[in-house]
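Architecture at a glance
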Amino acid sequence: MNRKQKEAAIRAVFFSFALISILILGLIVVSLFREGLPIFKQVSVKDFLFGMEWYPTYDPPSFGIWPLIVGSVIVTVLATIIAIPVGILTAVYIAEVAPGLVKDVFKSIIELLAGLPSVVLGFFGMVVVAPWLQDTFDLPTGLNIINASMILALMAVPTIASISEDALYAVPREYKEASYALGATTHETILRVVIPSALSGISTAVILGMSRAIGETMVVLMVAGGAAAIPESLFDSVRPMPASIAAEMGEAPFRSAHYQALFATGIVLFFITLAFNLVADYISNKFKEVGSGTL
Amino acid sequence: MTTSSLRYRYVKQHVFFGLVRLSAFVLALALCGILAYIVVHGIGALSWEFITQPPRDAMTKGGIMPAIVGTFYLTVGAILVGLPLGIVSAVYLTEYAKQGPVIRIIRIGINCLAGVPSVVFGLFGLGLFVVSLKFGSSILAGSLTLGFLILPTIIGASEEALKSVPQTFREASLALGVSKWQTIWRIVLPSALPGILTGSILGLGRAAGETAPIMFTAAAFFTAKLPSSIFDEVMALPYHIYVLATAGTHIEETRPLQYGTVLVLILLVLGIDLVAILIRAAIRRRKKW
Amino acid sequence: MNIRKAAALAIVCCLVAAAPVLAAENIVIKGSTTVLPIAQRALETYMKAHPGVQISLSGGGSGEGIKAIVDKTADIGNSSREIKKEEIALAAKKGVQPVAHVVAFDALVPVVHPSNPVQGLTVEQLSLIYQGKITNWKEVGGKDMRIVAISRDSSSGTFESWDHFVMKKAKVSPRAQMLASNGAVYTAVSKNRYSIGYLGMGYVKKGVKALAVAGVQATPETALSRQYPMSRELYMYTNGEPAGETAKFIAFIKSPTGQKIVAGEGFVPIQGAAPAGKGKKK
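As the structure is a computational prediction, the values presented were derived from the model and not from experiment. (Residues numbered from 1 in each chain as written. Chains lettered and ligands numbered in written order. Predicted model: local features only at pLDDT ≥ 70, side-chain atom pairs only at ≥ 80, totals over all residues.)

Further remarks concern the overall build of chain B. In terms of regular secondary structure, chain B is built from 11 helices and 3 strands. Taken from N to C terminus, the helices and strands of chain B fall in the order α-α-β-β-α-α-α-α-α-α-α-β-α-α. Across its three principal directions, the C-alpha atoms of chain B cover 70 × 65 × 35 Å. (Helix = DSSP H or I, 4+ residues; strand = E, 2+ residues; numbered from the N terminus.)

What follows is the structure, encoded as structure tokens:
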């Protein structure tokens, strides 16, 4: 085989490897749909998504996942509300305010926090935070929305902080220099020039952080409490979708209605996170080529 | 501009910087607080016996050696799956690919794969490896699932490493008449190796700490012996923590061992990450280009 | 080159690890968390005597145990409830014939926090509490404080037993806490003075207070005589009659040594009531 053929062959092989990611993504979708779609012969899509009762093992079973969706949404929203200020301000600190050595230390702290396994944080939330919450506020249980949201925020902050930090770095120096030249102080420059320029990157960071929070399994499994009902207060337990899947998958007989319902829940979860990621991807691409404004 | 208005602006700056510093330190405090708490409660359980002995007495005594071994097998398996796939994909994306819609789709695919929740990976692994391919709950199924989970991480790090190899290297090599593949194999890849290594180590750390993907594909509560084939179930550190804390038979009595297991897992993962960070820092200092 | 050497080493390690099992037999056990402590202790004792056998044990709930038998993913399925008709039908479709082996007796015990003054409840009261219709302890003779009902999730055989004896198909309020295991219920009730939960007998220890049901306390004697209204058998299911190591393991549990383990874990041996003084531990 001459050189040219060899090169072409290698290129073709490598191309097929590069397609692997798409292939896996496709396989995931196919698996989910193959095992999950049959449930919709028993339950209409509307009843599944908006039904208020999740009693999959009763006789007759009811497969409404609305309380699960609400549970997911609430903990994610609350976690994001906590995580956005902490994440962005920390990113500002690292990118603009911190002196050299401190900056490196904090970057490592963020990375280490990002590397903490979720089961460790779930354990901490369950064994330490929950009893503390229960005793301090005299609650029926410490495994609730507040607990789960705080821990999820801890998981989302590193994502938000590191991507925002990259975005802040990417702001051209000329913008900042121009602002200083006009007499603005450092904080005014940050607030009125740097952050607005980095806004697309920061939004990407926030969206990816939310995506992480909504998909997180171990933390909500161990900490959110498990009650499949629409919560009435922030101190109530909820059962977000990933927790339900993880908790019930073991016992659903293969290809039973329950099994299919869980896969269908997986479909919903998958598409929600997919939507988040596509939006983030779109934003980061659309506003990518920000010119430096100079010749 | 009056001096009082200037002073006002500087006051605002101090407030803002104070907030910024506060948020960063709250974060650092949270991390250190959690680590300190776990170290304090877990250090008592650590001992040579803890790491080398299997659990005894309904897991209230003894050690977690099978879980460490299981995590080791699963992580090595994940790397064996993810590293080749990831490096080759990254090589294609940086060296061979032409800009265009196909590449866009592949990149979107990688980003989306990175965002798939770990429990969905678990479902996928269950549906494909455990059931359809009939591997059963096994090291094989778990490693494949974990390998796919860390694939985006490895691709991302490898790409970055490959991109940082100066173009002049490639040009010089091609100018000497070396073929493209030879250039990649002998020049580009070796130069990018440290960066690729960093990425794989980070992926390793992630694979070691994941629970949901192995819950239905590989993990067991208790195995009598160490695994003897890749079709065996294994104990694993993250799963061990989860079951001891939620579904164990003597939850209160095993609490000290739970803390110890958490500590071991943290030390393992943070240790792995620290190694990666140090390697990366060493590369950055060594690099003369 | 270093990469090559490392790669070769990795491949060799992989092959060594992948060498298929030849001699050692494999028993996979899954299922009920009620049976788990018995299986766990029995496993520890058994493997000392039979070092060649690889046994792996998991919890997950009775539903998971039975499913594992039906799906042929386990050799033994632990269950704290009888197999359901639908499960038998599903098994038949897959060519599986589940066989039940009774390994112990158990009683389902409602428990509360030790500080709770209530001594006992009727089945009716228990049902209304879990349906969410009785919400304050003073309605059943306790202090004026709300009731937090702690239940098990749907895979649990203990939950099924509770449903069979108490709820009788009435729906548990979705506001009840759903926990994953007997162990978790014990931990939760022992820490929560508002709470009520239910446990298999072997899990009732110092940290919680057992309630009498219809005036009868759960003891090995009342469980065996069925005087206590919520007594049940604990099962290990196999696909067809067990053979080989699986058969030996089940025989071991049914043997006097095995039954001593059952009693030691706080359950009731099948041979007869445990001698006075044994039974509840710690």
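That was the structure; now back to the text.
Attention now goes to the pairing of strand β6 (residues 148–152) of chain C. All names here are of chain C. By the criterion of burial, β6 is predominantly enclosed, with 5 of the 5 residues buried. Side chains V148, I150 and R152 of β6 all project onto a buried face; the interleaved residues A149 and S151 project onto the opposite face, where all are buried too. Sheet topology places β6 next to strand β7 (residues 177–179); 3 bridges connect them, and they run parallel. The residue bridging S151 from the neighbouring strand is M178, located in β7. (Buried ≥ 20, exposed ≤ 12 C-beta atoms within 10 Å, placed from the backbone. Pairing = 2+ DSSP bridges.)

Below, the discussion takes up helix α6 (residues 118–137) of chain A. The axis of α6 of chain A is deflected most strongly, by about 35°, at V129 of chain A, and proline P131 of chain A appears within four residues downstream. Residue D138 of chain A follows α6 of chain A closely and has a positive phi angle near 55°. (Bend = angle between axes of the 7 residues up to and from the residue.)

The next thing to look at is the interface of chain A and chain C. By a widespread convention, an interface's size corresponds to the accessible area lost as its parts come together. Every contact between the two is made by 20 residues of chain A and, on the other side, 25 residues of chain C. Broken down by class, the residue content of the side of chain A that touches chain C amounts to 11 nonpolar, 7 polar and 2 charged. (Contact = placed C-beta atoms within 7 Å. Nonpolar A, V, L, I, M, F, W, Y, C, P; charged D, E, K, R; others polar.)

With 66 residues of chain B in contact, the opposing surface of chain A contributes 68 residues. The biggest single contributor to the side of chain B that touches chain A is helix α1 (residues 3–42) of chain B, with 18 residues. Residues that form the side of chain B that touches chain A fall into these classes: 48 nonpolar, 13 polar and 5 charged.

The next subject is the environment of A205 of chain A. If you trace the backbone, A205 of chain A turns up in helix α10 (residues 199–215). Beyond its immediate stretch of four places on either side in the chain, A205 of chain A contacts T159, I160, I163, S164 and A167 of chain A.

With that out of the way, let us pick up helix α5 (residues 100–115) of chain A. Here α5 of chain A is 16 residues long and its end C-alpha atoms lie 23 Å apart, about the 22 Å a rise of 1.5 Å per residue gives. If you check which residues of α5 of chain A are buried, you get F106, I109, I110, L113 and G115 of chain A. The inward-facing, buried residues of α5 of chain A contact α4 (66–97) and α7 (145–170) of chain A together with α1, α8 (180–209) and α11 (255–286) of chain B. (Expected span 1.5 Å × (residues − 1).)

Moving on, we come to the packing of helix α3 (residues 65–96) of chain B against helix α6 (residues 139–163) of chain B. Two numbers describe a pair of packed helices, the interaxial angle and the distance between the axes. Residues and elements named next belong to chain B. Put simply, α3 and α6 touch, their axes get as near as 6 Å, and they point 40° apart. Here α3 runs over α6; the crossing is right-handed. Its residues assigned to classes, the contact of α3 with α6 comprises 18 nonpolar, 9 polar and 2 charged. (Axes fitted to C-alpha atoms, helices over the stretch in contact; angles between N-to-C directions. Left-handed = near helix turned anticlockwise from the far one by under 90°.)

Let us now look at the pairing of strand β1 (residues 26–31) of chain C. Residues and elements named next belong to chain C. A large share of β1 lies buried, amounting to 6 of its 6 residues. Alternating positions in β1 separate into two faces, N26, V28 and K30 on one and I27, I29 and G31 on the other, with burial throughout. As paired strands, β1 and strand β2 (residues 54–60) are joined by 5 bridges and run parallel to one another. Looking at the pairing, I27 lines up with I55 of β2. The parallel pair β1 and β2, bridged by helix α2 (residues 36–49), forms a crossover whose chirality is right-handed. (Right-handed = clockwise from strand over helix to strand, strands pointing away.)

A few words on unusual backbone geometry. Residues and elements named next belong to chain C. One non-glycine residue with positive phi stands out, namely K169, at about 75°. Along the chain, the position of K169 falls in the loop between α6 (157–167) and β7. On the basis of neighbour count, K169 is assigned to the exposed category, with 8 C-beta atoms found within 10 Å. Notably, R226 is not glycine yet its phi reads approximately 65°, a positive angle. Residue position: R226 is located in the loop between α8 (220–224) and β11 (231–239).

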